[in-house]
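# Fold and contact review
What follows is the residue order along each chain.
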Amino acid sequence: MTKRWSATVAVALVTIGMTSLRQCDVSAVAPQSSGPRAEGVFLVEPYLQLGDPKPHQPTRELTLVWQTADHEADWAVEYQVGSDEHWRSAPKPSYNRIAMPCVTPHRVYHARLDLHETQGMAPYRVKRAGQTVFTAEADAPKGADARYRFVAFGDCGANTADQKAIAYQTFERHPDFVMIPGDIVYGRGLISEYLTNFWPVYNAARADREVGAPLMRTTPFVAALGNHDVAGRDFAKTPDGLAYYLYWDQPRDGARGQGETPWRTPLMGTEAQTKAFVASAGVHYPVMANFSFDYANSHWTVLDSNSYVDWTKGALRDWVIQDIAAAAKATWRFVAFHHPGFNSSKAHFDNQQMRLLADVFEAGKVDIVFAGHVHNYQRSFPMRFIPDRDPGGAVVRKGEQVLGRWSLDRAYDGQTKTRASGPIYLVTGAGGNHLYNPEQQDDPASWQSFTCKFISRSFSFTQVDVDGPSLIARQVDPGGNELDRFTLSK
Ligand SMILES: [Fe+2]
């Protein structure tokens, strides 16, 4: 038993009063109290999620999620809408019971907030046995005509100083939502890693540059699966893996009606372990890997770009085509996933599988594709890609590379010429984990010709302000300094 294991188990035992962890031979733990204000009440304090809104309709609801020990309790959520000071009751909260071998049983509660009538902030309170135990305000989703702001950063949950400073800087800028294009939590997306690398930073009790910020209780977070988020899928090695499917509550439209498909996150471990995981994840596994949602005047398609997915053909590819086509009336179409198809870094250069959807994004008039995986910032010209094909018509691949040619819209300058021909591909993977290829920032000769900005010596996040048919995207460092800016208009 390692020293770290002992310390963590001790915390879990004190907090939850369980002894079953001692039977396990690997380092699995369960949630602990996330702050003194909630001691004994929550394992993780309430945080906001999209939940499962109706596809292709601007979401005006949010789901409040919180985690507790595995005890019966009478939970209720009340909130205020519009200017009405009357407290409205949310439908009775439901819960998933997380009961997996080597993991202390606990519960993940979900309560739906209908915010159709709210512009701005909606105060809410969480009650247990009639007593208010938590209060905060939810940033209600904006209406179709409203201006809004979102922030994107990936590769973030590593418990670093720069991750915390970015959380703080994000909080200061009051986005309407935050998008994480994968590698949410290092190193393997485990329950135990969420406890140290994620909740204390993004759901902190107070805003502090050196700690993080109380972001998630106010601002919904959305995320795509990265490779590190699925790295714990062998429960024989990591019994508390795939926490994404346990703790996130995101739309579940991406796999409806597709039955057994080859793209679901594969599970490993004993039959008892995988069964327990599936039962604990409930409705979220496997369908939460791919989904779409609408926010105000934008449509988002969020994909699992991990290498177990085959994008050359199949039901999931067809779903992406149909999903984006059905969003033709949205002013903006955005896509988010983890592995960038178009990347100039020497790091992860070969991971080009998402080039296989470039034609889909072009045909569907996608405006910006957000990716991470590569820990720096890169912006492409608006561009189109034509893969090389063999005589049989198959796309030519060299290992994980996808060979082909691209055409660039060099007339677009993002300042005076702001109408783009083709999607802009962003890599925004400088959200907290160590930076990749700092030596390339001042070496444009090392960039692929599709790259027009490459910033690899600063941690950073993307802030996008959308105002009807125009938007301004900024890349910002943890100190609030602007590193890049471009405007897009229709
Ligand atoms: Fe990654």
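Check the entry above for the structure.
Anyway, here's the lowdown on the structure attached to this text. Only a predicted model underlies this, so the values are computations on that prediction, with no experimental measurement involved.

With that out of the way, let us pick up the side chain of Ser292. Here Ser292 is to be found in strand S14 (residues 291-295). Here the side chain of Ser292 touches Asp253 through a polar contact of 2.8 Å, side chain to side chain. Within the local environment of Ser292, its side chain forms a polar contact with the side chain of Asp323, the two groups lying 2.8 Å apart.

Next up on the list: the coordination of the iron ion. Protein ligation of the iron ion involves Asp183 (OD), Asn227 (OD1), His338 (NE2) and His373 (ND1), the donor distances falling in the range 2.1 to 2.2 Å. Every donor counted, the four donor atoms about the iron ion form angles of 86 to 168° at the centre, which fits irregular coordination. For the iron ion, the donor residues sit on a single chain with the sequence spacing D-x43-N-x110-H-x34-H. In this pair, Asp183 is assigned in the loop between strand S10 (177-180) and helix H3 (191-197) and Asn227 in the loop between strand S13 (221-223) and helix H5 (244-247), connecting sequence segments 44 residues apart.

The next thing to look at is the packing of aromatic side chains. If you walk through the whole model with that rule in mind, you get 43 aromatic pairs. Between Tyr148 and Tyr295, the ring centres sit 5.3 Å apart and the planes meet at 55°, which makes this aromatic pair tilted. With Tyr148 in strand S9 (residues 148-152) and Tyr295 in strand S14, the pair connects residues that are 147 residues apart, well separated along the chain. Relative accessible area serves as the criterion here: at 3%, Tyr148 is assigned to the buried category. Aromatic pair Phe198 and Trp199: ring centres 5.2 Å apart, planes at 80°, arrangement edge-to-face. The residues Phe198 and Trp199 share a single accessibility class, namely buried. Across from the ring centre of Tyr95, 4.2 Å away, lies the NZ or CZ of Arg107, which sits over that ring. Positioned above the aromatic ring of Trp332 is the side chain of Lys490, whose terminal nitrogen or guanidinium carbon lies 4.8 Å from the ring centre.

Another aspect to go through is the sheet that holds strand S5 (residues 94-98). If you walk across this open sheet you meet the four strands as S1-S2-S6-S5, and the pairing is antiparallel. The open sheet terminates on both sides in strands that have one partner only, identified here as strand S1 (44-49) and S5. For this sheet, the mean angle separating the axes of adjacent strands, direction not counted, is 20°. Of the strand pairs in this sheet, S1 and strand S2 (residues 61-69) are connected by four bridges, and their pairing is antiparallel. Residue Tyr47 lies in a different strand from S2, and its bridge partner there is Val65.

Thresholds applied
Residues numbered from 1 in each chain as written. Predicted model: local features only at pLDDT ≥ 70, side-chain atom pairs only at ≥ 80, totals over all residues. Heavy atoms only, no water. Helix = DSSP H or I, 4+ residues; strand = E, 2+ residues; numbered from the N terminus. Polar contact = N/O pair within 3.5 Å; in protein donor to acceptor, adjacent residues only side chain to side chain. Donors = N, O, S within 2.8 Å, 3.2 Å for Na, K, Ca; no water. Tetrahedral: all angles 85-135°; square planar, octahedral: opposite > 155°, others 65-115°. Phe/Tyr/Trp six-rings, centres within 6.5 Å; stacked < 30°, edge-to-face > 60°. Buried < 20%, exposed > 50% of the residue type's maximum accessible area, 1.4 Å probe, protein only. Lys NZ or Arg CZ within 6 Å of the ring centre and 35° of its normal. Pairing = 2+ DSSP bridges. Axes fitted to C-alpha atoms, helices over the stretch in contact; angles between N-to-C directions.

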